[in-house]
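# Topology and contacts: notes
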Amino acid sequence: MNLHNIVRGAITRVNPDIPVTLLRSTGYTVDANRKQIPQYETLTGMAQVQGIDPRDLEHVNNMGIQGNLRTVYLYDNWYGMVRSGKRGGDIIRFPMEPGGEDCDWLVVTQKEIFPNWCSVIVWLQQ
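I will try to describe carefully the structure that is included in this document. (Residues numbered from 1 in each chain as written. Predicted model: local features only at pLDDT ≥ 70, side-chain atom pairs only at ≥ 80, totals over all residues. Heavy atoms only, no water.)

### Quick notes on the overall build of the protein chain
Heads up, the condition is: Strands are runs of DSSP state E lasting at least 2 residues, helices are runs of H or I lasting at least 4, and numbering of each runs from the N terminus. Residue contacts are counted whenever heavy atoms from the two residues lie within 4.5 Å of one another. Per-residue accessibility takes into account occlusion by the displayed protein chains alone, with areas from the Shrake-Rupley method and a 1.4 Å probe.
When helices and strands are counted, the protein chain shows two helices and six strands. Ordered by position from N to C terminus, the α and β elements of the protein chain give α-β-β-α-β-β-β-β. Long-range contacts, defined here as pairs at least 24 residues apart, represent 54% of the contacts in the protein chain between residues at least 6 apart. Of the roughly 8,100 Å² of accessible surface on the protein chain, a fraction of 52% belongs to carbon and sulfur atoms.

Next comes the structure, spelled out in structure tokens:
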């Protein structure tokens, strides 16, 4: 049973999904100066963006992360840094406020993961 689909309609009536651009990290290349240049696969989709829970805020503060943070609910799976799995560096692009300019938000950690959706904590990149 997919509980996510059951509650989805009620959630989006209160806080509508927004269109986002998803940059899934595919690794990097190295330029002539031996600088790593990140590479991404670009996708688009809809996401549910919410504020961050106080317990999650405490978690990211313990990671040494400060600034603008959000919780994002997405279909599929996205990653913060997982060095052993060679994953991470995913970026989600969406505005900081409705109608604003798109900003890059780095996925810093997965909060929840299920077969067809996940929630991640993202950090605004300056």
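### Here we look at the environment of W117
In this structure, W117 sits in strand β6 (residues 117-124). On a C-alpha basis, the gap between W117 and Y73 in space is 7.3 Å, while along the polypeptide they are 44 residues apart.

### With respect to the pairing of strand β3 (residues 69-75)
Spelled out, the test is: Partly exposed describes any residue whose relative accessible area lies between the buried limit of under 20% and the exposed limit of over 50%, with all areas from a 1.4 Å probe on protein chains only and scaled to the type maximum. At least two DSSP bridges between two strands are needed for those strands to be called paired.
In terms of burial, β3 is largely enclosed, as six of its seven residues are buried. Two strands pair when backbone bridges link them, and β3 and β6 are joined in this way by seven bridges, in the antiparallel orientation. Within β6, the residue paired with T71 across the bridge is I121.

### Observations regarding the pattern of salt bridges
Inclusion rule: We define a salt bridge as a contact between a side-chain nitrogen of Lys or Arg and a carboxyl oxygen of Asp or Glu at a distance within 4 Å.
All chains considered together, the criterion is met by two salt bridges. D56 is paired through a salt bridge with K111; the nearest N and O atoms lie 2.9 Å apart. Within this pair, whereas D56 is found in helix α2 (residues 54-62), its partner K111 is found in strand β5 (residues 102-113), the two being separated by 55 residues in sequence. Among the residues examined, D56 registers a relative accessible area of 14% and is labelled buried.

### Quick look at the packing of aromatic side chains
Applicable threshold: Two rings from Phe, Tyr or Trp (for Trp, the six-membered ring) form a pair when their centres are within 6.5 Å of each other. A pair whose planes differ by under 30 degrees is stacked, one over 60 is edge-to-face, and the rest are tilted.
Following the criterion strictly, the structure yields two aromatic pairs and no others. With 6.2 Å between their ring centres and 35° between their planes, Y73 and W117 make a pair best called tilted. One end of the pair, Y73, is in strand β3; the other, W117, is in strand β6, with 44 residues separating them in the sequence. Ring centres of F94 and W105 lie 4.8 Å apart, and the angle between their planes is 5°; this geometry places the pair in the stacked category. Here the residue F94 occupies a position in strand β4 (residues 91-95), and W105 occupies one in strand β5, the gap between them amounting to 11 residues. Residue W105 is classed as buried on the basis of its relative accessible area of 0%.

### Considering the sheet that holds β3
Selection criterion: Every angle, taken between N-to-C directions, lies between 0 and 180 degrees, and every axis is a line fitted to C-alpha atoms, over only the stretch in contact when it is a helix.
Around the barrel, which closes on itself, the six strands sit in the order β1-β2-β3-β6-β5-β4 with antiparallel pairing between neighbours. The mean angle between the axes of side-by-side strands here comes to 45°, regardless of whether they run parallel or antiparallel.

### Comments concerning the layout of surface pockets
Quick note on the threshold: Lining residues are those with an atom within 4 Å of a point, where the points come from a 1 Å grid over the protein atoms alone and group into cavities, where a 1.4 Å probe fits but cannot get out, or pockets, open sets with protein on both sides within 12 Å along at least five of seven lines. Grid points are joined across faces, edges and corners, and a volume is the space filled by probe spheres set on the points. In this classification, Asp, Glu, Lys and Arg are treated as charged, Ala, Val, Leu, Ile, Met, Phe, Trp, Tyr, Cys and Pro as nonpolar, and every other residue, Gly included, as polar.
Taken as a whole, the second largest pocket holds about 190 Å³ of empty space. In terms of lining, the second largest pocket is formed by 14 residues, of which the most central are I18, V49, P95, M96 and P98. At the level of secondary structure, the elements contributing two or more residues to the lining of the second largest pocket comprise β2 (36-50) and β4. A per-element tally of the lining of the second largest pocket places β2 first, with three residues. Among the residues forming the lining of the second largest pocket, the class breakdown is eight nonpolar, four polar and two charged.

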